[in-house]
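# An overview of the molecular structure
Chain by chain, the residues run as shown.
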Amino acid sequence: MGGLQPWHWLIVIAVFVLLFGAKKLPDAARSLGKSMRIFKSELKEMQSDSTSEQSAAPRPITAERVENPAPAPQAAPDAADKHPA
């Protein structure tokens, strides 16, 4: 008894047609469909942004690293650096 019967749906549709007119209903349904597609694409974009942010592990600052740092590469002496004595 709690569900809508088919004749209930017919009454609801008839009321919508009387209120909005037969010409405006397809336009309203089309704009509602576009809005839903935009909404879904924005949700997917937000979810992909949040998962990409979570997957990128934060790198610790150099001073916070526990592992032994690699020695800095030694620069080869250039001829311009040498001064004739």
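Our subject is the structure that appears above.
Residues numbered from 1 in each chain as written. Predicted model: local features only at pLDDT ≥ 70, side-chain atom pairs only at ≥ 80, totals over all residues. Heavy atoms only, no water.

## Points about the overall build of the protein chain
In terms of helices and strands, the protein chain carries two helices and zero strands. Buried positions account for 0% of the 85 residues belonging to the protein chain. Carbon and sulfur atoms make up 64% of the accessible area of the protein chain, which totals about 8600 Å². (Helix = DSSP H or I, 4+ residues; strand = E, 2+ residues; numbered from the N terminus. Buried < 20%, exposed > 50% of the residue type's maximum accessible area, 1.4 Å probe, protein only. Areas by Shrake-Rupley, 256 points an atom, 1.4 Å probe, with all protein chains shown as cover.)

## Observations regarding a negative patch on the surface
There is a patch of like negative charges on the surface, built from Glu42, Glu45, Asp49 and Glu53. Within the element layout of this structure, Glu45 appears in helix H2 (residues 24–55). (Patch = residues over 30% accessible without salt bridge, like charges linked within 9 Å, V, L, I, M, F, W, Y side chains within 5 Å. Salt bridge = Lys/Arg side-chain N within 4 Å of Asp/Glu carboxyl O. Lys, Arg positive; Asp, Glu negative; His and termini not counted. Charge placed at Lys NZ, Arg CZ, Asp CG, Glu CD.)

## A short note on a nonpolar patch on the surface
Judged by side-chain polarity, Leu4, Trp7, Trp9, Leu10, Ile11, Val12, Ile13, Val15, Phe16, Val17, Leu19 and Phe20 come together as a nonpolar surface patch covering roughly 1200 Å² of accessible area. Note on placement: Phe16 falls in helix H1 (residues 6–20).

## Quick look at the pattern of salt bridges
Any two side chains of opposite charge can pair, given that their charged atoms come close. As enumerated under the stated definition, the model contains one salt bridge in all. A salt bridge links Arg30 to Asp27, with the nearest nitrogen and oxygen atoms 2.8 Å apart. Taken as a pair, Arg30 and Asp27 lie in helix H2 at a separation of three residues, close to a single helical turn. For Arg30, a relative accessible area of 47% translates into the label partly exposed. Under the relative-accessibility criterion, Asp27 is labelled partly exposed at 45%.

## Notes on the environment of Ser35
Inspection of the secondary structure assignment puts Ser35 in helix H2. Ser35 sits in the partly exposed class, given a relative accessible area of 43%. Among the polar contacts made by the side chain of Ser35, one reaches the main-chain carbonyl oxygen of Ser31 at a distance of 2.9 Å. (Polar contact = N/O pair within 3.5 Å; in protein donor to acceptor, adjacent residues only side chain to side chain.)

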